[in-house]
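# Survey of secondary and tertiary structure
For reference, the chains in residue letters:
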Amino acid sequence: MIVVIGGGPAGLAAALSAAQSGAKVSLIESGARLGGQFWRNLPESIDADQELLHHNFEAGENLREKVLGHSNIEIRLDTQVWQAQYREGVSTLHLICQGVTSEIRTEKLILATGAYDRTLPFPGWDIPGVMTPGAVQALLKGNFVKAGKKIVIGGTGPFLLPVAAGLVQNGIEVAGLFEANRLRRWIPSLFVALRNASVLKEGAEYLQILRKGGVGIKRGFAVIEAHAGTNGELASVTVARIKSDFRVVPGTAKKIPCDVAAIGWGFTADMSIASNLGLEQSVSVLDG
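Report follows, based on the coordinates.

Thresholds applied
Here, residues in each chain are numbered from 1, in the same order as that chain's written sequence. Totals for whole chains, interfaces and linings use all residues, but because this is a predicted model, local features are given only for residues with pLDDT of at least 70 and pairs of side-chain atoms are given and counted only at 80 or more. Excluding hydrogens and water, the side-chain figures rest on all heavy atoms present in the structure. Labels follow the DSSP assignment, with helices taken as runs of H or I lasting at least four residues and strands as runs of E lasting at least two, numbered in each case from the N terminus. The contact criterion used is simple: two residues touch if any of their non-hydrogen atoms lie within 4.5 Å. Using a 1.4 Å probe, accessible areas were evaluated by the Shrake-Rupley method; residue-level cover was limited to the displayed protein chains. For every residue, the accessible area obtained with a 1.4 Å probe (protein chains only) is divided by the maximum for its type, and the residue is called buried under 20%, exposed over 50%, and partly exposed between those limits. Strands are treated as partners if at least two bridges between them are detected by DSSP. To define axes, lines are fitted to C-alpha atoms, for helices over the stretch in contact only, and angles between the resulting N-to-C directions are given on a 0 to 180 degree scale. Each helix should span, by expectation, one fewer than its residue count multiplied by 1.5 Å. To obtain the arc, one takes the directions from the helix axis to the C-beta atoms. Basic side-chain nitrogens of Lys or Arg form a salt bridge, by our definition, when they fall within 4 Å of a carboxyl oxygen of Asp or Glu.

### A look at the overall build of the chain
- For the chain, the helix and strand inventory stands at seven helices and 17 strands.
- Restricting to contacts in the chain with at least 6 residues of sequence separation, those with at least 24 account for 60%.
- Surface summary for the chain: the accessible area is close to 15,900 Å², and the carbon and sulfur share equals 53%.

### Comments concerning the pairing of strand β14 (residues 234–241)
- With six of its eight residues buried, β14 lies for the most part within the structure.
- Sheet analysis places strand β13 (residues 221–228) next to β14, joined by seven bridges and oriented antiparallel. Bridge pairing in β14 links Val223 to Val239.
- Between β13 and β14, which pair antiparallel in sequence order, lie five residues; one of them, Gly232, sits at a positive phi of approximately 85 degrees.
- Strand direction decides the pairing type here: β14 and strand β15 (residues 254–257), joined by four bridges, are antiparallel. Counted as the bridge partner of Thr238 is Lys255 from β15.

### Regarding the sheet that holds β14
- Ordered in space as β13-β14-β15, the three strands form an open sheet in which the pairing is antiparallel. One side of each edge strand has no neighbouring strand; the edge strands of this open sheet are β13 and β15. Put simply, the sheet's adjacent strands are angled 30 degrees from each other on average, direction ignored.

### Brief notes about helix α1 (residues 9–20)
- If you check α1, its first and last C-alpha atoms are 16 Å apart, about what twelve residues at 1.5 Å a residue would give, namely 16 Å.
- Those residues of α1 not exposed but buried are Gly11, Leu12, Ala15, Leu16, Ala18 and Ala19. Taken around the axis of α1, the buried residues stretch over an arc of 165 degrees, which confines them to a single face. Along α1, exposed side chains directed more than 90 degrees from the buried face belong to Ala10 and Gln20.
- Packing partners of the buried residues in α1 comprise β1 (2–5), β2 (25–28), α2 (57–69) and β3 (73–76).
- Phi turns positive one or two residues past the end of α1, at Gly22, with a value near 105 degrees.

### Details of the sheet that holds β3
- Sheet architecture is open: four strands sit in the order β3-β2-β1-β7, paired in parallel fashion. Edge positions in the open sheet fall to β3 and β7 (108–111), since each of these has one partner strand only. Sheet twist, expressed as the average angle between the axes of neighbouring strands with direction ignored, equals 20 degrees.
- Taken together, the four bridges between β2 and β3 define a ladder with parallel strand orientation.

### Remarks on the pattern of salt bridges
- Throughout the structure, instances matching the rule amount to four salt bridges.
- The salt bridge involving Arg64 is made with Glu61; its shortest N-O contact spans 2.5 Å. Placement of the pair is Arg64 and Glu61 together in helix α2, with a separation of three residues, close to one helical turn.
- The class for Arg64 is buried, based on a relative accessible area of 6%.
- For Glu103, the salt bridge identified is with Arg105, shortest N-O distance 3.2 Å.
- Using a relative accessible area of 46% as the deciding quantity, one classes Glu103 as partly exposed.

Shown next as structure tokens:
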């Protein structure tokens with residue numbers, strides 16, 4: 001039996017491919033629904049257009065249905081792997097589901113545990129209303145909860161685009177979109193991007209949505225401070241142009257009123273289970 005940990009796009013694809021090859025598969029997902037962070041399904045009690053919340057939602061639904069309908073795949077939802085061990089070619093996974101613990105052993109294990117927002121501390125980052133772009137998107141995609149009425153998005157990485165576009169499509173004001181990197185930062189990755197035309201097309205679609213919503217991208221800017229109002233919650237942020245070493249350019253600071261600031265600096269892979277298993281890990285750093 002093959003065990004797949006993670007029910008997002010990668011985990012679903014891996015489980016289906018293995019099952020279609022004739023293998024028995026156990027798919028473990030910590031959430032209540034398959035799809036992971038990328039394809040979150042709204043509860044049936046919420047009536048909303050999921051096409052506006054997810055990119056290529058139809059493809060996600062098709063993949064999910066194939067996995068759910070395959071006789072070779074056993075699905076374990078709401079199940080966390082709280083400890084993992086590897087010895088003599090066998091992985092032992094300690095599981096907990098609704099308070100009940102169990103154990104599963106396998107010689108074939110696929111990790112598709114995804115990633116989480118990378119955060120960096122700055123003055124005021126602990127004020128209620130300061131969160132990550134992933135948290136803002138998760139609230140909207142998972143429960144159709146709008147994190148705020150006027151949201152500033154900042155940090156770096158292409159993930160900022162779908163978050164901002166999703167907010168605009170659902171009637172939420174994006175008070176500013178600030179990308180710390182300049183366009184030249186992506187030159188080393190240009191060849192990779194050109195080989196992935198679908199990703200470029202997706203990015204173009206997000207940019208079009210933002211243009212229609214009157215939201216422009218300020219490049220070379222970062223949120224450098226958050227400010228609380230009299231109630232202790234976020235009332236505004238200070239944004240400034242920054243240099244390549246993250247020093248603030250004098251005279252460029254500007255305060256922007258908002259009730260939510262979504263700040264993220266790319267993603268960090270979730271390596272907790274891999275670490276438990278004692279897998280060798282290496283970090284690749286992109287120069288530039």
